[in-house]
Amino acid sequence: MKKLEEKIKNCRKCPLWQLRTNPVPGSGSYDAKVMFVGEAPGYWEDQQGLPFVGKAGKVLDELLNSIGLNRDEVYITNVVKCRPPNNRDPTEEEIKACSPYLDAQIDIIRPRIIVTLGRFSTSYILKKFGFAVEGISKIHGKVFEARTLFGRVYIIPMYHPAVALYRPQLRKELKEDFKKLKELLKSLKI
Ligand code: URA
Ligand code: SF4
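Everything numeric here is computed off the predicted structure, so don't read it as measured data.

## Considering the pairing of strand 3 (residues 75–78)
Burial along strand 3 is two-sided: Tyr75 and Thr77 and Ile76 and Asn78, pointing in opposite directions, are all buried. By the bridge criterion, 2 bridges tie strand 1 (residues 27–28) to strand 3 in an arrangement that is antiparallel. Bridge pairing in strand 3 links serine 27 to isoleucine 76. Note: strand 2 (residues 34–38) against strand 3, 4 bridges, orientation parallel. Residue pairing in the sheet places valine 37 in a bridge with threonine 77 of strand 3.

As structure tokens, then:
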């Protein structure tokens, strides 16, 4: 993983490298059972080189704490590792260029559960594991069971914590979806 992080730090595979202050490979435990995948770094993530350290990160911390987890025991990363200008959506080309890093991280960590945050990571991960992609409002909180070379992986799509910032109803649903994550952890005896 250290080697991979080094590669990401020196990566120039898409134009986003030119604007970054710091690339954001990911943070947390390399032995994590649960991996969270967001979209792309924002302002503070780019400043610090760490994922989810801004306002959305605060929401994510609260959600993790609400089910008795903390950042150090999970792994948190994004589909795209460098900040898109003005936090615009990542393009298809950027996702295509950057996603092999996420693939490699999944192969190294071999998580039991992948929680996708928002539509970009949901659509990337569901496609990767051979599922049809539907709208996030329809599939959030559902558990998708995938078979991989290293065993079963459970995928749970969720809303992105940033959209929950200003929409109380979505925040409630995120909290409910985290409870489902907790139940799944319990049933897998993790
Ligand atoms: N939003 C994301 O998708 N990822 C981050 O790391 C921060 C905000
Ligand atoms: Fe490389 Fe990804 Fe950064 Fe593009 S976003 S330069 S592919 S690390």
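## Points about the UniProt feature "domain: Uracil-DNA glycosylase-like" (unreviewed entry) in the protein
Look at the UniProt record and you will see "domain: Uracil-DNA glycosylase-like" (unreviewed entry) annotated at residues 25–179. Note that residues 25–179 is 43% helix and 19% strand, and that its end C-alpha atoms are spaced 27 Å apart.

## Some points on unusual backbone geometry
For asparagine 87, which is not a glycine, the phi torsion comes out positive at approximately 60°. Structurally, asparagine 87 is set in the loop between strand 3 and helix 4 (92–109). On the basis of relative accessibility, which here comes to 44%, the residue asparagine 87 falls in the partly exposed class.

## So, the nonpolar core
Formed by 31 residues in total, the largest nonpolar core has its most connected members in Leu102, Ile114, Ile125 and Ile155. Looking at this core, the elements that each hand over two or more residues are helix 1 (2–9), strand 2, helix 4, helix 5 (119–128), strand 5 (144–148) and strand 6 (151–158). For this core, the element with the most residues is helix 4, which contributes 7 residues. Core analysis: the next-biggest nonpolar cluster, separate from the first, contains 28 residues, Leu63, Leu117, Leu170 and Leu184 among them.

## Details of helix 1
Looking at helix 1, one finds that the buried residues are Leu4, Glu5 and Ile8. What you see down the axis of helix 1 is that its buried residues fit within an arc of 100°, all on one side. For helix 1, the exposed residues set more than 90 degrees away from the buried face come down to Lys2, Lys3 and Lys7. Elements that come into contact with the buried residues of helix 1 comprise strand 3 and helix 4.

## Here we look at helix 8 (residues 168–187)
Look at helix 8: 29 Å from first C-alpha to last across 20 residues, which is about the 28 Å you get at 1.5 Å a residue. For helix 8, the complete set of buried residues consists of Leu170, Leu174, Asp177, Phe178, Leu181, Leu184 and Leu185. Relative to the axis of helix 8, the buried residues are bounded by an arc of 110° and lie together on one face. Projecting away from the buried face of helix 8 at angles above 90 degrees are the exposed residues Pro168, Lys172, Glu183, Lys186 and Ser187. Packing partners of the buried residues in helix 8 comprise strand 2, helix 3 (55–66), strand 4 (113–117), strand 6 and helix 7 (161–164). Just beyond helix 8, the residue with positive phi is lysine 189, at close to 55°.

Conventions and cut-offs
Residues numbered from 1 in each chain as written. Chains lettered and ligands numbered in written order. Predicted model: local features only at pLDDT ≥ 70, side-chain atom pairs only at ≥ 80, totals over all residues. Heavy atoms only, no water. Buried < 20%, exposed > 50% of the residue type's maximum accessible area, 1.4 Å probe, protein only. Helix = DSSP H or I, 4+ residues; strand = E, 2+ residues; numbered from the N terminus. Pairing = 2+ DSSP bridges. UniProt positions renumbered as here; feature names shortened; annotations may be inferred. Core = buried A, V, L, I, M, F, W, Y, C linked by side-chain atoms within 4.5 Å. Arc of directions from axis to C-beta. Contact = heavy atoms within 4.5 Å. Expected span 1.5 Å × (residues − 1).

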